[in-house]
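One letter stands for each residue in the lines below.
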Amino acid sequence: MRYLGLLETYKEYLPVTDQTPLLSLHEGNTPLVRAENLSKELDLDLYFKYEGLNPTGSFKDRGMVMAVAKAIEEGSDTIMCASTGNTSAAAAAYAARAGLNCIVLIPNNNIALGKLAQAIIYGAKVIAIEGNFDRALEIVREITAKHPITLVNSVNPYRIEGQKTAAFEVCDQLGKAPDYLAIPVGNAGNISAYWKGFKEFYAQGKISSLPKMVGFEAEGAMAIVKGEPIADPETIATAIRIGNPASWKTAVAAAEESEGQINYVTDEEILHAYKTIAAREGIFAEPASAASIAGVMKLKREGVFRGGETVVCVLTGHGLKDPNIAIKSVNAEPLVVEDTEAAVMEAIRKLQGE
Ligand code: F0G
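Here, residues in each chain are numbered from 1, in the same order as that chain's written sequence. This being a predicted model, a pLDDT of at least 70 is required before a residue's local features are given, and a value of 80 or more before pairs of side-chain atoms are given or counted; all residues contribute to the totals for chains, interfaces and linings. Side-chain descriptors were evaluated using all non-hydrogen atoms of the structure, hydrogens and water having been removed beforehand.

Going by what an unreviewed UniProt entry lists, the protein chain is known as Threonine synthase and is assigned to Paenibacillus solisilvae. UniProt positions are given in the numbering used here, feature names are shortened, and annotations may be inferred rather than shown by experiment. We quote the UniProt Cofactor (unreviewed entry) comment for the protein chain here in full: "pyridoxal 5'-phosphate". UniProt annotates the protein chain under Function (unreviewed entry) with the comment "Catalyzes the gamma-elimination of phosphate from L-phosphohomoserine and the beta-addition of water to produce L-threonine."

A.B. asks: Just checking my understanding: could you explain the nonpolar core for this structure?
C.D. replies: A general trend in soluble globular proteins is that nonpolar side chains are found buried together. Counting 58 residues, the largest nonpolar core has Ile-79, Cys-102, Leu-181, Ile-191, Tyr-194 and Phe-198 as the members making the most contacts within it. For helices the rule is a DSSP run of H or I covering at least 4 residues; for strands it is a run of E covering at least 2, with both sets numbered from the N terminus onward. For this core, the element with the highest residue contribution is helix α3 (residues 60-73), accounting for seven residues. Excluding anything up to four places from it in sequence, Ile-79 contacts Val-68, Ala-71, Ala-91, Ala-95, Leu-100, Asn-101, Cys-102, Ile-103, Ile-149, Thr-150 and Val-152. Nonpolar cores were defined as sets of buried Ala, Val, Leu, Ile, Met, Phe, Trp, Tyr and Cys residues, with membership established by side-chain atoms within 4.5 Å. Residue exposure (1.4 Å probe, protein chains only): buried if accessible area is under 20% of the type maximum, exposed if over 50%, otherwise partly exposed. Within the second largest apolar cluster, 37 residues are counted, among which are Ala-237, Ile-293, Met-297 and Ala-326. Contacts were defined at the residue level, with two residues in contact if any of their heavy atoms lie within 4.5 Å.

A.B. asks: Looking at this structure, how should I read the sheet that holds strand β5 (residues 125-129)?
C.D. replies: In short, DSSP must find at least two bridges between two strands for them to pair. Strands sit in the order β5-β4-β3-β6 across an open sheet of four strands; the sheet is parallel. Only two strands of the sheet have a single partner each, and these edge strands are β5 and β6 (150-151). Here strand β3 (residues 78-82) runs beside strand β4 (residues 101-107); their pairing, made up of five bridges, is parallel. In the strand pairing of β4, Cys-81 is matched with Val-104.

A.B. asks: Help me out: how do you make sense of the pattern of salt bridges in this one?
C.D. replies: When charged atoms on two side chains of opposite charge get close, those side chains can pair. Every case where a carboxyl oxygen of Asp or Glu lies within 4 Å of a side-chain nitrogen of Lys or Arg is listed as a salt bridge. Scanning the model with the defined rule gives 17 salt bridges in all. Among the salt bridges present, the one from Lys-49 reaches Glu-169, with a minimum N-O distance of 2.8 Å. Of this pair, Lys-49 sits in strand β2 (residues 45-50) while Glu-169 is found in helix α8 (residues 165-174), placing the two residues 120 residues apart along the sequence. A single burial state applies to Lys-49 and to Glu-169, both of which are buried.

A.B. asks: I tried to follow the packing of helix α4 (residues 86-98) against helix α5 (residues 113-121) on my own but got confused; where do I start?
C.D. replies: In a packed pair of helices, the relevant descriptors are the angle between the two axes and the axis-to-axis distance. Across the interface, α4 lies against α5 with an axial gap of 8 Å and an inter-helix angle of 20°. As far as their axial angle goes, α5 and α4 are roughly parallel. Crossing angle aside, the handedness with which α4 passes α5 is left-handed. Here α4 contributes Asn-86, Ser-88, Ala-89 and Ala-92 to the contact with α5, which in turn contributes Lys-115, Gln-118 and Ala-119. Of the residues in the contact of α4 with α5, the class split is three nonpolar, three polar and one charged. Lines fitted to the C-alpha atoms define the axes, with helices restricted to the stretch that makes contact. Angles between their N-to-C directions range from 0 to 180 degrees. Working rule for angles: under 35 degrees goes down as roughly parallel, over 145 as roughly antiparallel, 65 to 115 as roughly perpendicular, anything else as oblique. Note on convention: the crossing is left-handed when the near helix lies turned anticlockwise from the far helix by less than a right angle, right-handed when the turn is clockwise. In this count, Pro and Cys sit with the nonpolar residues alongside Ala, Val, Leu, Ile, Met, Phe, Trp and Tyr, while Asp, Glu, Lys and Arg are called charged and the others, Gly among them, polar.

A.B. asks: Please explain the site of the ligand as it appears in this structure.
C.D. replies: Near the ligand lie 20 residues; those nearest to it are Ser-83, Asn-187, Ala-188, Asn-190 and Thr-316. For this analysis, a polar contact is any N or O atom pair within 3.5 Å, provided that within protein one partner can donate a hydrogen and the other can accept it, and provided that sequence-adjacent residues contribute only side-chain to side-chain pairs. With respect to the ligand, the side chain of Ser-83 contributes an N or O atom lying 2.7 Å from an oxygen atom. Note that an oxygen atom of the ligand is positioned 2.8 Å from one of the backbone N or O atoms of Gly-186. To be clear on the numbers: accessible area is Shrake-Rupley with a 1.4 Å probe, and residue cover counts the displayed protein chains and nothing else. Relative to its unbound accessible area of 470 Å², the ligand is 99% covered by the protein chains. The rule is simple: put a 1 Å grid over the protein atoms alone, call a set of points where a 1.4 Å probe fits but cannot get out a cavity, call an open set with protein on both sides within 12 Å along at least five of seven lines a pocket, and count a residue as lining if it has an atom within 4 Å of a point. A molecule is counted as occupying a cavity or pocket when more than half of its atoms fall within 2 Å of that pocket's grid points. In this structure the site holding the ligand corresponds to the largest cavity. When we say a residue is near a molecule or strand, we mean one of its heavy atoms is within 4 Å of it.

A.B. asks: Would you explain the pairing of strand β8 (residues 212-218) in this entry?
C.D. replies: Looking along a regular strand, one sees the side chains alternate between the two faces of the sheet. In terms of burial, β8 is largely enclosed, as six of its seven residues are buried. Relative to β8, strand β7 (residues 180-184) runs parallel, the two being bridged by five bridges. Residue Ala-182 lies in a different strand from β8, and its bridge partner there is Val-214. Orienting the strands away from the viewer, one traces the path from the first strand over the helix to the second; a clockwise path indicates a right-handed crossover. Traced from β7 through helix α9 (residues 189-203) to β8, the parallel crossover comes out right-handed. With five bridges connecting them, β8 and strand β9 (residues 261-265) associate as parallel partners. Within the sheet, the bridge partner assigned to Glu-217 lies in β9 and is Tyr-264.

Below, the structure written as structure tokens:
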């Protein structure tokens, strides 16, 4: 059967009414890819929920389709968000599709090039502020409270509703709930959404157990781990460069209720995981996404797993979002040679000798 997108597929589980337009860019329905090599190495049954394969290249499309459909239903003609990049790309795309205006506020010089390109080409009004994401979100909240503009950050509950569908898919794809769900934590909306989704499926008797939710902040932005907001968050994973997560409380509740944890990973651990999944599994995810697998590697070292557990890592965004990091992190440019067979053969020998 032709896949028609999240709102059509999961309407019984979503706040979809007769008045809700069934907007779609065919978001969702992303693959659950088994990590064949790393499963062996880590002695786990390890999977990647490859959210980078959504229409704008991140999980944000799941929440955005719901939020924009409800904005249309409510008669809004303009949406607005603060973003480290992916939310703005998704907002801009769905606004374009639905014929709404879109305004995005981003931290100047701290969003990946691909994400900026998306917001611009989809036709959003892009404003870069000198402050960081947390400040941008404060400003967006102030403006949308005073003007007839719909806020589409994850503090909009429709965003969480849409995003919870990823938990449904994981369970349907595995035929059960995983033992662990590992996920990067930035503004903390997504971990809250997954936990809501798992609990709903459990309450409906669709799964007979619940996963332990393990969320990972970047060390330089680990507000929840520290227990206090961070004024100047810093990490190579710009998507999760957030010092005061809006969904802090629900993220902590997800970790506590599920007997999981919110932990942190360093930039080095993130980059190592980022390169490892590309080189060993053929999967290219952006650095923030790799926080989930970096976290699983950390828990493995800490002896958290007995062996054989089913672990799903959410890979939240596509690697192509941030090509600069990829090239910088392996410190490699292509070898440029003369256009002859001999020169190319010599180059091959040289590269193989490395
Ligand atoms: N991974 C990626 C690729 C993200 O873009 C984000 C958040 C997260 C993880 C964290 O998810 O905020 O729900 O805990 N990006 C937001 C944005 C903040 O503006 O695109 P979260």
